[in-house]
Amino acid sequence: MSNIVKINGTDVQVLEYEGQRVATLAQVDVVHGRPDGTARRNFNRNKKRLVEGEDYRKFSADEFRSRFPGVLPERTTEDVTIVFESGYLMLVKSFKDDLAWQVQRQLVNGYFRASAPQKLTAVRQTPLAAAVADSVAAIILIGDAVAKVPGVKPGIAMAATLSCIQQNTGIETATMRRVLPAANEGPQCVLNATNLGKLAGLSPVATNKRLQQLGLQVKNARGEWELTEAGSAWAEALPYSAHTGHSGYQVLWNPAVASKLREAA
C-alpha cells in the first residue's frame, strides 16, 4: 500500500499509530489550505473538550522522529500533536466553507477510514481474542473501583474506562463514549483551588486548608488532595494521565463553595 494519499490535490504522507491512521496539526493546515498554526490554535482553544489517547496524542520531537522517521525536520524541537479521526473532526468544526466540507469527506473516507476493514478483520481473526477479552474485563473492574471514588461521577468513570480499553487493546470506543450521559449533570464544577481562592479572596494554600477544615477534602498517602463524601456534593474528581506518565485525580469545585469559604473565615 502506498505511503502517500492525495487529498484536495495535496500529497499526504500516511501516518499510523497503534493501528489507526493519524494526522499532524500541520498536515490538517496543508490539506485545508489554511495558514500555518490554524489547527494548533483550534486545538489549544478546544483542548479541554478533547480526550488524550482517544482524540489526540502528544510526542516530544525526538519521540515523534523515532516513530515516524523522515516526517519532522531535524531543526524542530517543539512537541508534536497528532489527531485521530475524532479529534480531527472536532478541530475542523469551525471550517464551514464548501471546500472544507469536501476536504473533510476526503480525509475521513480516503484517509482515516481507508484501512478500517483490514484492522477489523485482524481483530476478529487474532488468536489472542481471549486474552483481549480478559484485559477488557480487568479494565472494567478497575473502572468500577474508580466510580466509587468520592466525587467521580459514573459518566466520568465510564469514559475513562473506555479510553483505557482503547489504549490497551486497540478496540475503538469513540462511538460508545458519545452515547454516554453528560458527566456534568447538575451544577458545573469548573474551578481548581487557585481559581476558587480568587473568588473567596484567599491564596491557594489558604483555600486548600479551609476546604480541609470544612471536611470537604483530605490529603491521601501520596500527599494529594482527595474529596471526602461531604466534598463530593460540591466538587468532582476528574481522572487524568499526563504525557509525563504521572496520573491521578484533579479536583474541580463548584463556584458556590466560595461563599462557604468566606463564611468560615
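Anyway, here's the lowdown on the structure attached to this text. None of the values given here were measured: they were computed from a predicted structure. (Residues numbered from 1 in each chain as written. Predicted model: local features only at pLDDT ≥ 70, side-chain atom pairs only at ≥ 80, totals over all residues. Heavy atoms only, no water.)

**Topic: the overall build of the protein chain**
Here is the rule we go by: Each helix is a run of H or I in the DSSP string that is no shorter than four residues. Each strand is a run of E no shorter than two, and both are numbered from the N terminus. Partly exposed residues are those whose accessible area sits between 20% and 50% of the maximum for their type, while under 20% is buried and over 50% is exposed, using a 1.4 Å probe and protein chains only. Whether two residues touch is decided by their heavy atoms; if any such pair falls within 4.5 Å, the residues are in contact. For accessible areas, the Shrake-Rupley method is used with a probe of radius 1.4 Å. Any residue's cover is judged against the shown protein chains and nothing else.
Across its full length, the protein chain holds 12 helices and 10 strands. Relative to its 265 residues, the protein chain shows a buried fraction of 37%. For the protein chain, restricting intrachain contacts to residue pairs at least 6 apart in sequence, the fraction spanning at least 24 positions comes to 57%. Total accessible area on the protein chain is roughly 15000 Å²; 55% of this is exposed by carbon and sulfur atoms.

**Description of the nonpolar core**
As a reminder of what qualifies: Residue types Ala, Val, Leu, Ile, Met, Phe, Trp, Tyr and Cys, when buried and joined through side-chain atoms within 4.5 Å, form a set referred to as a nonpolar core.
Residues Ile 7, Tyr 17, Phe 64, Val 83, Tyr 88, Leu 107 and Tyr 111 are the most contacted members of the largest nonpolar core, which totals 34 residues. Setting aside its immediate chain neighbours within four residues, Val 83 contacts Val 22, Ala 23, Leu 25, Val 28, Asp 55, Tyr 56, Tyr 88, Leu 91 and Phe 112. Judged by nonpolar contacts, the second largest core, of 14 residues, contains Leu 191, Leu 202, Leu 211 and Trp 253.

**Side note on the packing of helix 1 (residues 25-32) against helix 2 (residues 38-46)**
The condition is simple: Geometry is summarised by axes, namely lines fitted to C-alpha atoms with helices restricted to the contacting stretch, and by angles between N-to-C directions that run from 0 to 180 degrees. Comment on the angle field: the value is read as roughly parallel under 35 degrees, roughly antiparallel over 145, roughly perpendicular from 65 to 115, and oblique elsewhere. Only Asp, Glu, Lys and Arg are considered charged in this grouping, and only Ala, Val, Leu, Ile, Met, Phe, Trp, Tyr, Cys and Pro are considered nonpolar; every other residue, Gly among them, is considered polar.
Between helix 1 and helix 2, the least distance of the axes is 7 Å, while the angle of their chain directions is 125 degrees. Classified by the interaxial angle, the pair formed by helix 1 and helix 2 is oblique. Residues Leu 25, Val 28 and Asp 29 of helix 1 form the contact with helix 2, whose participating residues are Thr 38, Ala 39, Arg 40 and Phe 43. Its residues placed into classes, the contact of helix 1 with helix 2 shows 4 nonpolar, 1 polar and 2 charged.

**Focus on the packing of aromatic side chains**
Keep this limit in mind: Aromatic rings from Phe, Tyr and Trp, with only the six-membered ring used for Trp, were paired whenever their centres fell within 6.5 Å, and each pair was classed as stacked if the ring planes differed by under 30 degrees, edge-to-face if by over 60, and tilted otherwise.
Per the stated rule, a full pass over the model turns up 7 aromatic pairs. Summarising the aromatic geometry, the rings of Tyr 17 and Phe 84 are spaced 6.2 Å apart at their centres and angled 45 degrees between planes, so their arrangement reads as tilted. A residue pair is termed long-range when its members are at least 10 positions apart, and Tyr 17 in strand 3 (residues 15-17) and Phe 84 in the loop between strand 6 (80-83) and helix 4 (85-91) qualify at 67 residues. Accessibility classification places Tyr 17 together with Phe 84 in one group, the buried group. For the ring pair Phe 59 and Phe 64, a centre distance of 6.4 Å and an interplane angle of 55 degrees mean the geometry is tilted. Note on accessibility: Phe 59 and Phe 64 belong to one class, buried. By way of ring pairs, the aromatic residues Tyr 17, Phe 59, Phe 64, Phe 68 and Phe 84 are connected into one cluster.

**A few points about the pairing of strand 2 (residues 10-13)**
The condition is simple: The pairing criterion is simple: DSSP has to find at least two bridges between the two strands.
Where strand 1 (residues 4-7) and strand 2 come together, 4 bridges link them in antiparallel fashion. Bridge pairing in strand 2 places Lys 6 opposite Asp 11. Connecting strand 1 to the next strand, strand 2, in antiparallel fashion are 2 residues, including Asn 8 with a positive phi near 55 degrees.

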